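As a plain string of letters, each chain reads:
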Amino acid sequence: MRLTRVITTVSILFLHLMVSGQHDQYTDSIEALLETNIHDTLRGRYYIDLAEYYVEVDDWLPYNKKALDLADEKLKTAKGQIRNRFLKIKANAVANYGFYYDLIGQMEKSTDSYFKALEIYDEAGDEKGKAVIYSNLGVIYTNMGDIDEAIDYLEKALELKKKYGSKDIAINYINLGVAFEKKGDSLKGLEYQMKAYVAAKDIDDHLDMSTALNNMGSYYFRKREFDRAIPILAEAMKECQMANDVPGAAWIMANLGSAYLNVNKLDSARYFLFKAEEIADEYQYPYLYETVYEKLCDYYQYTGDWRNAFIMSRHVEAWRDSMENTSAQKEALKQKMEYDHGLETARMETKREEEKKRAKEQTIFILTVLGLVLIILIVIYSRFRSTKKQKRIIEDQKLLVEEKNTEILDSINYAKYLQGAILPDEKDIIQNFTDGFLLYMPKDIVAGDFYWHHHSNDYIYFAVADCTGHGVPGALVSVVCANALDKAVTDLNCPEPGPLLDNVREIVIKQFEGVNKDVKDGMDISLCRIDHQSGELLFAGANNPCWVHSGNGWNVIKGDRQPVGNYDHATPFATKSIHVEKGDWLFLLTDGIIDQFGGEDGKKLKSKGLQEWLSESNDLSGTDRQKHLVEKLNSWLEREEQIDDICILGIRL
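Below is a summary of the structure that appears in this document. Worth saying up front: this structure is predicted, and the values here are computed from it rather than measured.

**A closer look at helix α19 (residues 497-511)**
Line of reasoning, step 1. A rise of 1.5 Å per residue sets the reference length of α19, with its 15 residues, at 21 Å; its end C-alpha atoms lie 21 Å apart and thus fit the reference within 8%.
Line of reasoning, step 2. Turning to α19, its buried residues are Pro497, Gly498, Leu500, Leu501, Asp502, Asn503, Val504, Arg505, Ile507 and Val508.
Line of reasoning, step 3. Buried residues along α19 sit against β3 (459-467), α18 (471-491), β4 (522-531), β5 (537-542) and β8 (564-565).

Here it is as structure tokens:
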């Protein structure tokens, strides 16, 4: 659901924050799924996702309408959990219309939409949805100047979020702080901003951290404690930049420039005030203009530049005059909101009383009828009702399970499509050599194993890697690691395998920074590079080996005993030169096949067993060797289950 936010500077100001997005691979994939035969609840959810992903109104409104139309149609017949799902979709779409009407200045329609969405969420029992609506209404009432009503809604939103364990409560503390500041209780407002900063820091929300810090710095500014205000505002600027919030940074710059002016640091004051004016010219927010011009006026007066001070003061008056009509409209709307909300509350109370009365009359009637029926009929009727209820529950549960399975399979199959995009074509690898084959058998639909290839003017790189885990988690890590290999080989201009893996390790560790201090995700890998001209073969490995089979038998070149990733005793990866002859076979593999249980005794295959299989097919072509290996593996498995992903790349030099 699109959210309405509030922030405050030295003068209390308000901004709407929209969800940003663009037409990219994500939207393309969702639109492709909408063309398939998916469940209607999933279809409605995808409509909402697209509506909230796009920025432009002309892009997201059509999807929002499709979601609302679909929900209205299905609610005519839906029951149980399925009905609740469509209720949530409808409430989300109605709330998005509330955001839209707020955006175009039709506040009456905006609040009507929010109250309607609130009633639907209440029927669906969705407390998360109600919390968002309460928060948005709190912001609107704050803008209208009805602070007591605003605080009531904001506290309801905060109470619900705490109840269902939401970590995203910093914005609620910020808005409550703004409301209490407008009410005149600055100390309590500061207390809520401090709570907001702590809550935002716990989840690394730089946007909310910057907002809370800006409000705290503004508090000390108003108390003229500039030595305390400046470092807090500077920290707010840092967090705002990390959040890429350029307009928000302009407000903080204006506050910081004004604070430096008050301590006679004119160079710093001039820098921040002029930078804020530059951003205001770019984004053209009315309240931002008013604030910047007002503070520039103070600066010019302080420096004795009376001509520019006069120009800035006229700008301030012009912006304030332009906002007077808006303020009058808000006051009129506030009065109508209070009246309409009172009518809505009375209507809902009357409806509840009528339902209670009707329920009581029905109960008396049923009890009277049951008293006239024989005991034997009561028993039969009770059993019939019980059987029918159980059947309905079973049918609802079955439908819910089928829906969940469909959603999960749709997601995993799409993940398989995404992972397939990073894997090279087998033919692109084999065509550079005399012969070869690839055996790739994920344990699940997607895999943690992957193979990689890079061809430059001077070198051929090829690798087989095993990422942490298998299934969806492993596949996600494999995408990170494959992208790291692509970036490193390009940035370093085709390095030797050892330095290449060192650089890949740095990229992988950086990718997982901030997720969890104990994250050890990474990969084991066998990586080779062949020189086009000299034929020199270089190898580097992370836990995984390289096998060479020649007329003299097997030669196993071991990799370093460390992963590519976060490792306590990490050392630079070694590059090893391998002597090979034309006609030799080179094998890169993960540990999935050698650790596989099977055979008559149910033991692991191990390296020796796999080498025997490969030796048996030494005279065959690459295609036939792959078929032979699959037949041996199927025979070995018998009744055993595949325990890990399997990947083997065989190359004939």
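**Looking at the packing of aromatic side chains**
Line of reasoning, step 1. Taken as a whole, this structure holds 24 aromatic pairs when the rule is applied.
Line of reasoning, step 2. With 5.3 Å between their ring centres and 80° between their planes, Phe221 and Phe226 make a pair best called edge-to-face. Considered together, Phe221 and Phe226 belong to a single accessibility category, that of buried residues.
Line of reasoning, step 3. Both rings, one in Phe274 and one in Tyr299, keep their centres 6.1 Å apart while their planes meet at 75°; by these two values the pair is edge-to-face. Of the two residues, Phe274 is situated in helix α13 (residues 266-283) and Tyr299 in helix α14 (residues 286-303); the sequence distance between them amounts to 25 residues.
Line of reasoning, step 4. Put simply, the rings of Phe437, Trp547, Trp554, Trp585 and Phe587 pair up and form one aromatic cluster.
Line of reasoning, step 5. Here the guanidinium or amino end of Arg529 rests over the ring plane of Tyr459, the centre of that ring lying 3.7 Å away.

**Let's talk about the pairing of β3**
Line of reasoning, step 1. Counting buried positions over the 9 residues of β3 gives 9, a clear majority of the element.
Line of reasoning, step 2. The alternating pattern of β3 places Tyr459, Tyr461, Ala463, Ala465 and Cys467 on one face and Ile460, Phe462, Val464 and Asp466 on the opposite face, and all of these are buried.
Line of reasoning, step 3. With 7 bridges joining them, strand β2 (residues 449-455) and β3 adopt antiparallel strand pairing. The residue of β3 that forms the bridge with Asp449 is Asp466.
Line of reasoning, step 4. The pairing of β3 with β4 spans 9 bridges and is classified as antiparallel. By the bridge assignment, Ala463 is partnered in β4 with Leu527.

Cut-offs used in this document
- Residues numbered from 1 in each chain as written.
- Predicted model: local features only at pLDDT ≥ 70, side-chain atom pairs only at ≥ 80, totals over all residues.
- Heavy atoms only, no water.
- Helix = DSSP H or I, 4+ residues; strand = E, 2+ residues; numbered from the N terminus.
- Expected span 1.5 Å × (residues − 1).
- Buried < 20%, exposed > 50% of the residue type's maximum accessible area, 1.4 Å probe, protein only.
- Contact = heavy atoms within 4.5 Å.
- Phe/Tyr/Trp six-rings, centres within 6.5 Å; stacked < 30°, edge-to-face > 60°.
- Lys NZ or Arg CZ within 6 Å of the ring centre and 35° of its normal.
- Pairing = 2+ DSSP bridges.

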